[in-house]
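# Analysis of the macromolecular model
Listed below are the residues making up each chain.
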Amino acid sequence: MNEISPKAEIDPRAKIGDNCKIFPFVYIEGDVEIGDGCIIFPFVSILNGTRMGKKNKVHQGAVIGALPQDFEFHGDKSECVIGDNNIIRENVVINRATHTGGKTVIGNDNFLMEGAHISHDTKVGNRCVFGYGTKIAGDCEIEDGVIFSSSVIENANTRVGIGSMIQAGTTFSKDIPPYIITTKKGEYGGVNMAIGRKNGVDEKTLNHIANAYRLLFHGKTSVFDAVNQIEEQVPDGPHIRHIIEFIRASQGIITKI
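Described in the following lines is the structure provided in the data block. The structure displayed is predicted, hence computed values, not measured ones. (Residues numbered from 1 in each chain as written. Predicted model: local features only at pLDDT ≥ 70, side-chain atom pairs only at ≥ 80, totals over all residues. Heavy atoms only, no water.)

### Regarding helix H2 (residues 203–218)
Owing to its 3.6 residues per turn, the α-helix brings residues three or four apart onto one side. The end-to-end C-alpha separation of H2 is 21 Å, in line with the 22 Å expected for 16 residues at 1.5 Å each. All of the buried residues in H2 are Thr205, Leu206, His208, Ile209, Ala210, Ala212, Tyr213, Leu215, Leu216 and Phe217. Tucked into the core, H2 has its buried residues touching strand E27 (180–182), strand E28 (188–191), helix H1 (193–198), helix H3 (223–233) and helix H4 (238–248). Capping the start of H2 is the job of one residue whose side-chain oxygen sits 3.1 Å from the backbone nitrogen of Lys204: Asp202. (Helix = DSSP H or I, 4+ residues; strand = E, 2+ residues; numbered from the N terminus. Expected span 1.5 Å × (residues − 1). Buried < 20%, exposed > 50% of the residue type's maximum accessible area, 1.4 Å probe, protein only. Contact = heavy atoms within 4.5 Å. Polar contact = N/O pair within 3.5 Å; in protein donor to acceptor, adjacent residues only side chain to side chain.)

This is how it looks when you write it as structure tokens:
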């Protein structure tokens, strides 16, 4: 049974799941789907194109499915797809995609802190943390378990690999490979051992990952040659293969130190 305030403004065409709690002064447009068990706090706007899963908590002042801040947007019908068990704190903005059929995607179990902004067509995996005031531009890809500290700016068309952490105040315009720490200057700051262990990566594999990045970031060769060296010198495994595939698909990685 839902608990919906009569002071909330909800288009009758919107689809609201079971056991939802919607507080006063919430605004929900007609082309919206909200799954079971969601809690929507006061002054939240959930706009057309939003497809929200189960047990999400959306706090005061957040705007979900906002129109894209993109000069190429001309009113196309697109979506903002949000999974399950996300915490979306105060004043977060998530834009829907720019073009017809496009999607901005937020996975499951993510935590978006106050003032975070996820722009159009960006794809976010699961279990990510977005610190206060972090801004993610359009057409970005963020894999699982990434941690953004406060006031990080990720520029458009960039990727962040699984299990990486970006330090507070960082602005970056190149891809960040998996399992690393990125310094405020946008440079390699070592392997993210703590998150690796938390995610069940064993010590032997972490050492292999560290060796791979030693070749990449401390070697005096090109990125192309460093990847070949990783293949030749580092024992094979799913984590190493993912690193190699990520780098080979990249148009440019963060600064080598």
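What follows continues from the structure just given.
### Side note on the pairing of strand E15 (residues 103–106)
Every regular strand shows the same layout, with side chains that alternate between the two sheet faces. Across the two faces of E15 the burial differs, with Thr104 and Ile106 buried and Lys103 and Val105 not buried at all. In the sheet, E15 pairs with strand E18 (residues 123–124) via two bridges, with the strands oriented parallel. When the sheet's bridge partners are listed, Ile106 is paired in E18 with Val124. (Pairing = 2+ DSSP bridges.)

### Considering the layout of surface pockets
The space that makes up the largest pocket amounts to roughly 170 Å³. As for the largest pocket, its lining consists of 12 residues, of which Val223, Phe224, Ile247, Arg248 and Ser250 are closest to the centre. Mapped onto the lining of the largest pocket, the elements with two or more residues apiece are H3 and H4. Ranked by residues supplied to the lining of the largest pocket, first place goes to H3 with four residues. Along the lines of polarity and charge, the residues of the lining of the largest pocket split into six nonpolar, four polar and two charged. (1 Å grid on protein atoms, 1.4 Å probe; cavity = no way out; pocket = protein on both sides within 12 Å on 5 of 7 lines; lining within 4 Å. Points joined across faces, edges and corners; volume = space filled by probe spheres on them. Nonpolar A, V, L, I, M, F, W, Y, C, P; charged D, E, K, R; others polar.)

### Some points on empty space enclosed by the protein
Enumeration over the complete set of coordinates arrives at one cavity of 30 Å³ or more. One number sums up the size of the largest cavity: a volume of about 40 Å³. Taken together, Gly163, Tyr179, Val191, Asn192, Ile195, Gly196, Asn199 and Leu206 make up the lining of the largest cavity.

### Points about the pairing of strand E12 (residues 79–82)
Every second residue of E12 is oriented toward a common face, the buried set being Cys80 and Ile82 and the non-buried set Glu79 and Val81. As paired elements, strand E9 (residues 50–52) and E12 share three bridges and run parallel to each other. Looking at the pairing, Thr50 lines up with Cys80 of E12. Judged from the four bridges that link them, E12 and E15 form a sheet pairing that is parallel. In the strand pairing of E15, Cys80 is matched with Thr104.

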